[in-house]
Amino acid sequence: MKKMSNIYESAANTLGIFNSPCLTKVELRVACKGISDRDALSKPDPCVILKMQSHGQWFEVDRTEVIRTCINPVFSKLFTVDFYFEEVQRLRFEVHDISSNHNGLKEADFLGGMECTLGQIVSQRKLSKSLLKHGNTAGKSSITVIAEELSGNDDYVELSFSARKLDDKDFFSKSDPFLEIFRMNDDATQQLVHRTEVVMNNLNPAWKTFKVSVNSLCSGDQDRKLKCIVWDWDSNGKHDFIGEFSSTFKEMRGAMEGRQVQWECINPKYKAKKKNYKNSGIVILNQCKIHKMHSFLDYIMGGCQIQFTVAIDFTASNGDPRNSCSLHYIHPYQPNEYLKALVAVGEICQDYDSDKMFPAFGFGARIPPEYKVSHDFAINFNEDNPECAGIQGVVEAYQSCLPKLQLYGPTNIAPIIQKVAKSASEETNTKEASQYFILLILTDGVITDMADTREAIVHASHLPMSVIIVGVGNADFSDMQMLDGDDGILRSPKGEPVLRDIVQFVPFRNFKHASPAALAKSVLAEVPNQVVDYYNGKGIKPKCVSEYESSRTLAP
């Protein structure tokens, strides 16, 4: 076994490409002022939808909660987005009136929109602009977006509140309480951190458990003052104040390991007026759990290996390899597109793999000796051991197998996804972050087994694996974009959605004149997040805590 330190050194060297120069997560908070409804008699039920632009198309990233009957909403839901310093990231915030009888969007419900770049919000920290109606007419309404960088500490905390004996504010029924938590900022302003749901007609409510980042809750400062207010919800939007109390994250941490923390909920007006006033109820924190978020580097430096597998398209549409027009033509002085893509991506992945042995498969060809069509044959023709030594070994196996194959069809990639998924599912039995699988598929055309492929990807999204597809040649790849879940959620033919987005599709022609690093960066950009999402989602920690990680922990 090679010394692990060698891997870290080479990993550190290539991380310039793997961690895009400035990948920072940013939390965006949204509030609106003066939104008027088309129906002057009632107030709107606003919801803000965040859209991002990609290749000239807008697609929805996320949406806030709906706030009933409100013209100046302050939304509790945060948008978390990745900020790339070197890219212009266009955002569009749309305010819609979502009536209670349906949650869909209708044209008539559009109350206004605002476009800007993420860079503008980040540089100004707080951006306020008019909301524009259709035809770009500005009304009296405006939107404010506040940005906060999630720096260093991505840990989040799970909190579970309840209350007892709250004051009754309603004549004919009991109060309908909800709780708001505000963080007090250094400039004495307050920032809404979370708003619970309303529990109807109940003076002893138990609110749902919620998660919030430590950054959002207290900006990483455990002694920062937090102000908590209990309200009685009113359908007209004029909620009645029940009482308030102050706390800190440090105090809330007392509710770990099965203990409770409680506060008296005080109404200052009652306290000043009533002699024997005690409180307006008790608020209880039943649990406070801290979830550690590990980074891609934590996993790699904790000993997680990237297992890299290659699959190459040998269907007849590539053209006869002996013909110089073929995508598989072996030119004496210049690598073909298959080799260029393989080397660009493989050279980075091999830095994260200690044994540097790569299984390499082909699909869509008739193979010796019987010349039956296979969709997952080893290109070294050794089915028991399809591994090649290094990227150079894959290149050599590719060149030597070409003359022995009959290029055929169809273009089926589900079998090879299932093959790698089988190895990845065996890995899940270890319950450790020891091996993450990346399958690189190089293909010249649109696949013929789309339904099976979708099924295979949905299954694979539950496993420690990612799929990278590079489209070689000039075919129409529009169907392939559907597998890359960026524009919407990929579903299996039965309608089951992917657990996480694991496919990245890139046409090689977009990078024909760019450096191999540009192709690799584009193709591998999502992998670190996919690795982190998989292991954090399963609650799997890095195998051994590295010095890197211990240096960035929040002190208790």
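Going along each chain's sequence as written, the residues are numbered from 1 onward. At least 70 in pLDDT is required for a residue's local features to be given in this predicted model, at least 80 for side-chain atom pairs to be given and counted, and no such filter applies to totals for whole chains, interfaces and linings, which use all residues. The basis for every side-chain value is the complete set of heavy atoms in the structure, and neither hydrogens nor water enter the calculation.

Further remarks concern the pattern of salt bridges. Just to be clear on terms, a salt bridge is a Lys or Arg side-chain nitrogen sitting within 4 Å of an Asp or Glu carboxyl oxygen. All told, the structure shown has 16 salt bridges when counted by the stated rule. The partner of Arg 68 in a salt bridge is Asp 45, with the nearest N and O atoms 3.2 Å apart. Of the two residues, Arg 68 sits in the loop between strand 3 (57-63) and strand 4 (79-84) while Asp 45 sits in the loop between strand 1 (23-33) and strand 2 (46-54), which places them 23 residues apart along the sequence. For the exposure calls, accessible area comes from a 1.4 Å probe over protein chains only, and a residue counts as buried if that area is under 20% of its type's maximum, exposed if over 50%, partly exposed in between. Of the residues examined, Asp 45 reaches a relative accessible area of 12% and is grouped as buried. Here Glu 148 ties to Arg 183 by a salt bridge, and the two come within 3.2 Å at their closest N and O atoms. Taken together, the residues Glu 148 in strand 8 (residues 138-149) and Arg 183 in strand 10 (residues 177-184) connect sequence positions 35 residues apart. In this pair, the class of Glu 148 matches that of Arg 183, namely buried. If you follow the salt bridges from partner to partner, you end up with Lys 51, Arg 92, Glu 94 and Glu 115 in one network. Secondary structure counts use DSSP, requiring at least four H or I residues in a row for a helix and at least two E residues in a row for a strand, with both numbered from the N terminus.

Let us now look at the pairing of strand 2. Across a regular strand the side chains alternate sides, sitting on one face of the sheet and then on the other. With 7 of 9 residues buried, strand 2 is to be regarded as a mostly interior element. In this description, strands pair whenever DSSP reports at least two bridges between them. Pairing of strand 2 with strand 3, which is carried by 6 bridges, proceeds in the antiparallel orientation. Residue pairing for strand 3: Ser 54 is matched across the bridge by Gln 57.

This paragraph deals with the sheet that holds strand 10. Taken in spatial order, the 4 strands make up an open sheet running 11-10-13-14, and their pairing is antiparallel. Only two strands of the sheet have a single partner each, and these edge strands are strand 11 (190-195) and strand 14 (240-247). This sheet shows a mean twist of 25° between the axes of neighbouring strands, independent of strand direction. Here strand 10 runs beside strand 13 (residues 226-232); their pairing, made up of 7 bridges, is antiparallel. Every angle, taken between N-to-C directions, lies between 0 and 180 degrees, and every axis is a line fitted to C-alpha atoms, over only the stretch in contact when it is a helix.

The residue Glu 337 is located in helix 7 (residues 337-349) in this model. Look at Glu 337 and you get buried, because its relative accessible area is 12%.

A few words now on the packing of aromatic side chains. Between the rings of Phe, Tyr and Trp (Trp by its six-membered ring), a pair exists once the centres lie within 6.5 Å; its type follows the angle of the planes, with under 30 degrees stacked, over 60 edge-to-face, and the other angles tilted. As enumerated under the stated definition, the model contains 14 aromatic pairs in all. Judged by centre distance (6.4 Å) and plane angle (45°), the rings of Phe 79 and Phe 93 are tilted. Pair noted here: Phe 79 is in strand 4 and Phe 93 is in strand 5 (residues 90-97), with a separation of 14 residues, a long-range link. Given the relative accessible area of 1%, Phe 79 is considered buried. A relative accessible area of 0% means that Phe 93 is categorised as buried. Note on Tyr 270 and Tyr 277: the rings are 6.1 Å apart at their centroids and 80° apart in plane angle, and the pair reads as edge-to-face.

This next bit is on unusual backbone geometry. Following Pro 368, the chain continues into Pro 369 via a peptide bond in cis, with omega recorded as 0°. The topology assignment puts Pro 369 in the loop between strand 19 (365-367) and strand 20 (372-374). Unusually for a residue other than glycine, Ala 188 sits at a positive phi of about 75°. Examined against the element boundaries, Ala 188 turns out to sit in the loop between strand 10 and strand 11. Accessibility expressed as a relative area gives 65% for Ala 188, which makes it exposed.

Next up on the list: the environment of Ala 163. Inspection of the secondary structure assignment puts Ala 163 in strand 9 (residues 156-164). Through-space distance from the C-alpha of Ala 163 to that of Trp 207 is 8.5 Å; in sequence the pair is 44 residues apart. Contacts are assigned to residue pairs that have any heavy atoms within 4.5 Å of one another. The contacts of Ala 163, once residues within four sequence positions are left out, are Leu 203, Asn 204, Pro 205, Trp 207, Ile 282, Val 283 and Ile 284.

Glancing now at the pairing of strand 16 (residues 282-291). In this structure, strand 9 lies alongside strand 16, joined through 9 bridges in antiparallel fashion. Opposite Ser 162, over in strand 16, you have Ile 284 as the bridge partner.

Read across the sheet, 4 strands follow the order 12-9-16-15 without closing on themselves; strand pairing throughout is antiparallel. In this open sheet, the two edge strands, each paired with only one partner strand, are strand 12 (210-213) and strand 15 (261-264). Along the sheet, successive strands turn relative to each other by an average axial angle of 30°, direction set aside.

Of all the 11 residues making up helix 13 (residues 527-537), 8 are buried; the element is thus mostly covered by neighbouring parts of the structure. Where helix 13 is concerned, the buried positions are Val 527, Pro 528, Gln 530, Val 531, Val 532, Tyr 534, Tyr 535 and Asn 536.

Relative to the assigned elements, Glu 180 resides in strand 10. Owing to a relative accessible area of 9%, Glu 180 belongs among the buried residues under this scheme. Any N or O atom pair separated by 3.5 Å or less is treated as a polar contact, with the protein-specific requirement of one donor-capable and one acceptor-capable atom, and with residues adjacent in sequence counted only for side-chain atom pairs. Polar side-chain contacts of Glu 180 include one of 3.0 Å to the side chain of Trp 231. The residues contacting Glu 180, other than those within four sequence positions of it, are Leu 192, His 194, Arg 195, Lys 227, Cys 228, Ile 229 and Trp 231.

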